[in-house]
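# Understanding the architecture of this molecule
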Amino acid sequence: MESPVRLRGLEYAFGEGALRRPVLRDLTLSVEPGEVVLLTGPSGSGKTTLLTLIGALRAMQQGSCMVLGKELMGATEAERVGLRRRIGFIFQHHNLLGFLTARQNVAMALELDTDSTEQDRLDRASAMLEAVGLTDYADTVPGKLSGGQRQRVAVARALVAHPGLILADEPTAALDRQTGQDVVRLMRDLAKRNGMPILLVTHDPRILDIADRVVAMEDGRIAETVV
Amino acid sequence: MTAVATALLPARLAWRQLRAEKTRLASAIAGVMFACVLVFMQLGFRSALFDSASALPRAMHGELFLLHPLTTALFRPEPLPRVRAFQTLGLPEVTNAVPIYLAQGSWRHPLTGVRRAIQLVGFDMEAGAVNFPGLTPLIDALKRPDTVAFDSRSRPEFGPVPALLAERGSIQVEIANRTVEIVGIVELGASFGADGNVVLSEVNFRRLIKERKASNTDLVALRLRPDADPASVKAQLTALLPADVVVLTHAELVQWERHYWETATPIGFIFAFGSLMGLIVGMVIVYQILFADIATHLPEYATLKAMGYSGGYLNRMVLASAAILALLGFVPGMLASSGLYDLVAKATLLPLRMDASRGLLVFGLIFGMCSLAGLLAMRKLRDADPADMF
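Residues numbered from 1 in each chain as written. Chains lettered and ligands numbered in written order. Predicted model: local features only at pLDDT ≥ 70, side-chain atom pairs only at ≥ 80, totals over all residues. Heavy atoms only, no water.

### Details of the overall build of chain A
Stated formally: Each helix corresponds to a stretch of at least 4 residues labelled H or I by DSSP, and each strand to a stretch of at least 2 residues labelled E; elements are numbered beginning at the N terminus. Here the accessible surface of atoms and residues is derived via Shrake-Rupley with a 1.4 Å probe, and residues count as covered only by protein chains that are part of the display. In this tally, Asp and Glu contribute negative charge and Lys and Arg positive charge; neither His nor the terminal groups of the chain are included. We put the charge of a Lys on NZ, of an Arg on CZ, of an Asp on CG and of a Glu on CD.
Of the regular secondary structure elements, chain A holds six helices and 10 strands. Element-wise, carbon and sulfur atoms account for 47% of the exposed surface of chain A, whose accessible area totals about 9600 Å². Computed over 27 positive and 29 negative side-chain charges, the inter-centroid distance for chain A is 2 Å.

See below:
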């Protein structure tokens, strides 16, 4: 089975001319099907930039980046938008739409699938909310949920469309220790059950044990890999 | 899912977002309503003033009219040979040709004696060429020498004539240095060219305006056989008559008069400018609201982009918000304007009415205003960059 993520000789720099500052240098990395990979490293090591490149949120500059069978080097904006629909994103902040209920927020991840019916989408959103233990809060707006509950809604939103890859950026940063652990474990369990690989950027040493592999980055290179 | 339902998803999202912030929604609707009322009032006044300016030709009764081509407006007519009226009778379709005489004379205020120019409208009372409300019962009285009927909607500077008339039964006034008797009241309306009007017979007109050649007239109203086609008679007359007359239908005569006031005065410009101001203020309000909505939701919009929503989807959502605001502001705006029209019409006697074509025009303007605001606000969406989300 093909690796969901395969990077070769990836280079990326911000700025131009004299101000040019390389953040990723000759980077090679792959994520295997169903694998949970944690990306750690000090601030400025380039791990967030790497995540935005893999997530097709940023245009490539040099090297090769195959994600879910799609080469991102030279991909058009439309191709990148299309690929994003097959990736589940979880951010540091939940970024839920405040004017929608939890169920409607989760269903937003399904609205791009034009073959589904409204009822179908809401049913799938309800089932996903049940899986993250929020059945009773399906019709609550995010403003009335706790931080952990909101992040669980965000996890449900990222997973509901059965993405081929889950990308998470510091998902525990805005949560307390116990809540943060609960959320990432829930995410890991749900992903494992469906065979979805996870690439997760974190500073948080307390969640390293959920990983199949921990990749440490420094100065835009991979410094160390712990299996 | 049908294509229509898919296309409506951004609009549903827009509506859910607008609905969530009640105060913001209310102020946006109030802004659109304000622009709507302002434009309705400006256009209403504009049309009412042009309508009242063309009250005299509109009161004329005839299928076709003859006018000297150099006549710009009826308060300042260029005389045409009266014989043209009789020439038209050569066509079997023309049953009646009524010369109408127009001039301004100096009226002396019945109480203070102050002089002021008043419009005189003279014609054969029996010919039925003019249709002023109140005229019919006065026809016999107006056939007597030196009698006139006064237009009750003349400006008040001519004196409280209707009140005096009601009090005394009949009053004597001086017009063009000759004493005449006012025998009754008609309703016509002041225009920009004439502050007031008196109506009198052809013979009495000649008694007052002595310098006029009897062989000249100012306007000719033609009555046609009921089965005649005015357009074909017009074409025949145009071919028949020399170039010192133009043949106009009733609508063209009214338009001739309106055209003068629309082009020769800044009235049209003033009201167009007022409408534009209203639209600009409305646009700025809608833009501010939409812009603030986008600015406060940038992270959420960036998240939607990261989830695979295209820039076009979010653009459609902003435009849908603008369209919803246009609709929600227009409906109460139009209702409020209808109420104001009634109120102002009662207070000023101006003919202000809500009509479908103006409603459509204003809806188009308001919709355009909101769409433009949406297009401007949409530029802010570019700041929602999902690459900055991590």
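### A word on the overall build of chain B
Spelled out, the test is: Restricting the calculation to C-alpha atoms gives the radius of gyration, and the globule rule supplies 2.2 Å times the number of residues raised to the power 0.38. Summary of the burial criterion: residues with accessible area below 20% of their type's maximum are buried, those above 50% are exposed, and those between are partly exposed, where the area comes from a 1.4 Å probe applied to protein chains only. Whether two residues touch is decided by their heavy atoms; if any such pair falls within 4.5 Å, the residues are in contact.
Of regular secondary structure, chain B possesses 13 helices and 11 strands. Scaling as 2.2 N^0.38, a compact globule of 390 residues should have a C-alpha radius of gyration of about 21 Å, whereas chain B reaches 30 Å, well beyond that. Dimensions of chain B, computed from the C-alpha atoms along their principal axes, are close to 95 × 50 × 30 Å. The proportion of buried residues among the 390 residues of chain B is 51%. Taking the contacts inside chain B whose residues are at least 6 apart along the sequence as the reference set, 80% of them involve residues at least 24 apart. Counting only carbon and sulfur atoms, one obtains 62% of the accessible surface of chain B, whose full area is about 16900 Å². In chain B, 36 side chains carry a positive charge and 32 a negative one; their mean positions are 4 Å apart.

### What about the interface of chain A and chain B?
What counts here: Summed over both partners, the accessible area lost on bringing two parts together, with a 1.4 Å probe, is the buried area. Any carboxyl oxygen of Asp or Glu that lies within 4 Å of a side-chain nitrogen of Lys or Arg is treated as forming a salt bridge with it.
Chain A puts 29 residues into the contact, and the matching count from chain B is 25 residues. When chain A packs against chain B, the two sides together hide about 2500 Å² of surface, and 65% of this comes from carbon and sulfur. At the surface where chain A touches chain B, the tally comes to two salt bridges. When residues of the side of chain A that touches chain B are traced back to their parent elements, those giving at least two are α1 (47-54), α2 (77-84), β6 (87-90), α3 (102-108) and α4 (118-131) of chain A.

### Remarks on the packing of aromatic side chains
Both the distance between ring centres and the angle between the ring planes are used here to describe each pair of aromatic rings. Put simply, the rule reads: Centres within 6.5 Å make a pair out of two Phe, Tyr or Trp rings, where for Trp the six-membered ring is used; the pair is then stacked when the planes are under 30 degrees apart, edge-to-face when over 60, and tilted otherwise. Both a distance and an angle decide whether a charge sits over a ring: NZ of Lys or CZ of Arg must be within 6 Å of the ring centre and within 35 degrees of the ring normal.
Enumeration according to the criterion identifies 17 aromatic pairs over all chains in this entry. Ring geometry for Phe 89 of chain A versus Phe 91 of chain A: centroids 6.0 Å apart, planes at 5 degrees, classification stacked. Of the two residues, Phe 89 of chain A and Phe 91 of chain A, neither departs from the other in class, the shared state being buried. Its guanidinium or amino end placed over the ring of Phe 158 of chain B, Arg 116 of chain B lies 5.8 Å from that ring's centre, counting from NZ or CZ.

### Digging into the state of the cysteines
What counts, and what does not: Any two cysteine sulfur atoms lying within 2.5 Å of each other are counted as a disulfide.
For the coordinates displayed, the defined rule picks out zero disulfides over all chains. Here Cys 36 of chain B stays unpaired: no disulfide links it, and the sulfur of Cys 370 of chain B, its closest cysteine neighbor, is 9.4 Å away.

### Some points on the sheet that holds strand β1 (residues 5-14) of chain A
All names here are of chain A. For clarity, the cut-off: Strands are treated as partners if at least two bridges between them are detected by DSSP. Axis definition: a line fitted to C-alpha atoms, over the contacting stretch in the case of helices. Angles run 0 to 180 degrees between N-to-C directions.
The strand order β2-β1-β4-β5 describes an open sheet built from four strands, whose pairing is antiparallel. Strand pairing shows two members of the sheet lacking a second neighbour, β2 (21-31) and β5 (70-71), which therefore form its edges. As paired elements, β1 and β2 share seven bridges and run antiparallel to each other. Residue pairing for β2: Arg 6 is matched across the bridge by Ser 30. Relative to β1, α1 is tilted by about 120 degrees, and along the sheet it contacts β1, β2 and β4 (62-67).

### A closer look at the pairing of strand β5 (residues 147-151) of chain B
All names here are of chain B. Burial analysis of β5 places five of its five residues in the buried class, the great majority of the element. Going residue by residue along β5, you find Thr 147, Ala 149 and Asp 151 tucked away on one face and Val 148 and Phe 150 tucked away on the opposite face as well. Of the strand pairs in this sheet, β5 and strand β7 (residues 178-186) are connected by five bridges, and their pairing is parallel. Across the sheet, Ala 149 pairs through a bridge with Gly 184, a residue of β7. Where β5 meets strand β8 (residues 197-201), two bridges bridge the pair, whose relative direction is antiparallel. Across the sheet, residue Phe 150 finds its bridge partner in β8, namely Val 198.

### Brief notes about a negative patch on the surface
Residues and elements named next belong to chain A. The condition is simple: Grouping into patches uses exposed residues only, defined as over 30% relative accessible area, and leaves out salt-bridged ones; the cut-off is 9 Å for like charges and 5 Å for nonpolar side chains (Val, Leu, Ile, Met, Phe, Trp, Tyr).
Taken together, Asp 113, Asp 115, Asp 120 and Asp 123 make up a surface patch of like negative charges. Along the polypeptide, Asp 113 turns up in the loop between α3 and α4. Under the relative-accessibility criterion, Asp 113 is labelled partly exposed at 34%.

### A closer look at the nonpolar core
Going by this rule: By nonpolar core is meant a set of buried Ala, Val, Leu, Ile, Met, Phe, Trp, Tyr and Cys residues that side-chain atoms within 4.5 Å join together.
Leu 129 and Leu 200 of chain A together with Leu 13, Leu 304, Ile 366 and Met 369 of chain B are the most contacted members of the largest nonpolar core, which totals 105 residues. With 15 residues, helix α2 (residues 22-53) of chain B is the largest single contributor of residues to this core. Other than its neighbours up to four places away in sequence, Leu 200 of chain A contacts Val 37, Leu 38, Leu 39, Ala 168, Pro 171, Val 184, Met 187, Ile 207 and Ile 210 of chain A. In terms of nonpolar packing, the next biggest core, distinct from the first, is built from 35 residues, Val 5, Leu 24, Val 37 and Ala 75 of chain A among them.

### Details of the sheet that holds strand β8 (residues 198-201) of chain A
All names here are of chain A. Spatial ordering of the open sheet is given by β6-β7-β8-β3-β9-β10, a layout of six strands whose pairing is mixed. Of all strands in the sheet, those with a lone pairing partner are β6 and β10 (221-226), marking the two edges. Sheet twist, expressed as the average angle between the axes of neighbouring strands with direction ignored, equals 20 degrees. As judged from the four bridges shared by β6 and strand β7 (residues 165-169), these two strands associate in the parallel manner. Bridge assignment links Ile 90 to a residue of β7, and that residue is Ala 168.

### Quick notes on the pattern of salt bridges
Any two side chains of opposite charge can pair, given that their charged atoms come close. One pass over the full model with this rule turns up 33 salt bridges over all chains. Here Asp 189 of chain A ties to Arg 188 of chain A by a salt bridge, and the two come within 3.2 Å at their closest N and O atoms. A salt bridge links Arg 155 of chain B to Glu 157 of chain B, with the nearest nitrogen and oxygen atoms 3.2 Å apart. By relative accessible area, which is 34% here, Glu 157 of chain B ends up partly exposed. Sharing partners across several salt bridges, the network here consists of Glu 111, Glu 118 and Arg 121 of chain A together with Arg 12 of chain B.

### Observations regarding the confidence of the model for chain A
As a reminder, the rule being used: Known as pLDDT, the predictor's confidence for each residue is given on a scale from 0 to 100.
With 100% of its residues at a pLDDT of 70 or more, chain A shows a mean pLDDT of 89. For chain A, per-element mean pLDDT is lowest for β10 of chain A, which scores 81, and highest for α3 of chain A, which scores 94.

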